[in-house]
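Each chain is listed here by its residues.
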Amino acid sequence: MGALQYFIYLSVAVLLLGLLFKAMKIARMPIHLRWDLYPIPHEKGKGHYGGSYFEELDWWTKPLKVSLVSEVKEMSKEILLIQSLFHHNRFLWFSSFPFHFGLYLLVGYLFFLLLGAILNLSGIVIGATSESAIGVTTHYLTVITGAGGAILGAIGAVGLILSRIFKGELRRFSVKADFFNLALLLALFVALLISLVTVDKDGALHRSLAGNLITFKPMGEMPSPIPLELFLAGFFFLYLPFTHMTHFVGKYFTYHKVRWEDHPNLRGSKIEKAVTEYLGYKLSWSAAHIKPGSTWAEAATDTSPVTGEEKKK
């Protein structure tokens, strides 16, 4: 195996472990201040008008009715269409939507490459003229997701870079890392597109490389610009866990543990146990209205007025 192949294995391992570590770190954080923002889509029969189980008489004595279908439907609109940005910042959405949808297609591209490699190993031919229906389907989905993802991603990345340069309100809070991240992804999209157009129009070469990677066989010689494309992909995987681009991990918790969290705090519940523990935490900071060293419970229940001397501190 060559150095590039070892680099790819390393980058994939760092990516998976990094994302797992970040998800576990967020999951173990104390309960966030709940927003209970309505409508909450999983409120069965009530989500569509912003209602909740609190409308029910003696609601705490009744089982919660949850609609997973409604929740998945709402999540799909947010993840695939980025509907919040569409409603609140239409200008940015025109660049952000193709950028993110291109990334989703490329995740699909990786999936179909790996699926095609596994099917190849099991004797199924992948191609437009394959006798197997799954072979034909996998071929076309690989081509569509690869080319479509690279084109949309590149369009979105260019749009986001230009927006951060020329849009005043975006330029003010854009840092060098934002431009580097977008430039890195743009280079990756363009390298992939050139590879698909010039040396691998049907994706067979990429599928063969994927097969060698999962069976730990040497990838061998590769035509340009595939080595550059693989290096950029490996570098991106290695770099991603250490950047704010992992916001997609936090987004799950933002919606499910903050915005839509509506589980009741009942006596004897896990929530009550956790909150009781948190109320005993010692405060590590102080202010005019906060006494250093006091607990969360003492700070929350202290109603004594702030004196003039305390305000001067």
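The sections below set out a description of the structure shown in this document. (Residues numbered from 1 in each chain as written. Predicted model: local features only at pLDDT ≥ 70, side-chain atom pairs only at ≥ 80, totals over all residues. Heavy atoms only, no water.)

Turning next to unusual backbone geometry. A negative phi holds for most residues other than glycine; trans holds for most peptide bonds. In this structure, the amide linkage connecting Ser224 to the following residue, Pro225, adopts the cis form with an omega of 10 degrees. Its place among the elements puts Pro225 in the loop between α8 (204-214) and α9 (226-239). Within the chain, Ile82 stands out as a residue other than glycine whose phi angle is a positive 50 degrees. Summarising the element assignment, Ile82 is placed in the loop between α2 (68-81) and α3 (83-88). (Helix = DSSP H or I, 4+ residues; strand = E, 2+ residues; numbered from the N terminus.)

Remark: helix α1 (residues 3-27) packs on helix α10 (residues 247-259), axes separated minimally by 10 Å, with the N-to-C direction vectors making an angle of 30 degrees. In this view, α1 runs roughly parallel relative to α10, as classed from their interaxial angle. The two elements α1 and α10 cross, and the hand of that crossing is right-handed. Here α1 contributes Leu19, Lys22, Ala23, Ile26 and Ala27 to the contact with α10, which in turn contributes Phe248, Val249, Gly250 and Phe253. The residue inventory of the contact of α1 with α10, partitioned by class, reads seven nonpolar, one polar and one charged. (Axes fitted to C-alpha atoms, helices over the stretch in contact; angles between N-to-C directions. Parallel < 35°, antiparallel > 145°, perpendicular 65-115°, else oblique. Left-handed = near helix turned anticlockwise from the far one by under 90°. Contact = heavy atoms within 4.5 Å. Nonpolar A, V, L, I, M, F, W, Y, C, P; charged D, E, K, R; others polar.)

Before going further, it helps to spend a moment on the environment of Glu55. Positionally, Glu55 belongs in the loop between α1 and α2. By relative accessible area, which is 47% here, Glu55 ends up partly exposed. Here Glu55 is in contact with Lys46 and Tyr49, once residues within four sequence places are set aside. For Glu55, the side chain forms a polar contact with the side chain of Tyr49, separated by 2.9 Å. (Buried < 20%, exposed > 50% of the residue type's maximum accessible area, 1.4 Å probe, protein only. Polar contact = N/O pair within 3.5 Å; in protein donor to acceptor, adjacent residues only side chain to side chain.)

What follows covers the packing of aromatic side chains. Using the criterion set out here, one finds 22 aromatic pairs in the structure. On the numbers, 5.2 Å between centres and 75 degrees between planes, the contact of Phe111 with Phe112 is edge-to-face. Given the relative accessible area of 16%, Phe112 is considered buried. Ring plane angle 85 degrees and centroid distance 5.2 Å describe the contact between Tyr252 and Phe253, whose orientation is recorded as edge-to-face. Of the residues examined, Tyr252 reaches a relative accessible area of 43% and is grouped as partly exposed. Residue classification places Phe253 among the buried positions, given a relative accessible area of 16%. Chaining the aromatic ring pairs together yields one cluster made of Phe86, Trp93, Phe94, Phe97, Phe101 and Tyr104. Sitting over the face of the ring of Phe86, Arg90 holds its NZ or CZ atom 3.6 Å from the ring centroid. One residue, Lys167, lies across the ring of Phe91, its end atom 4.5 Å from the ring centre. (Phe/Tyr/Trp six-rings, centres within 6.5 Å; stacked < 30°, edge-to-face > 60°. Lys NZ or Arg CZ within 6 Å of the ring centre and 35° of its normal.)

The values are spatial; any link to function lies outside them.
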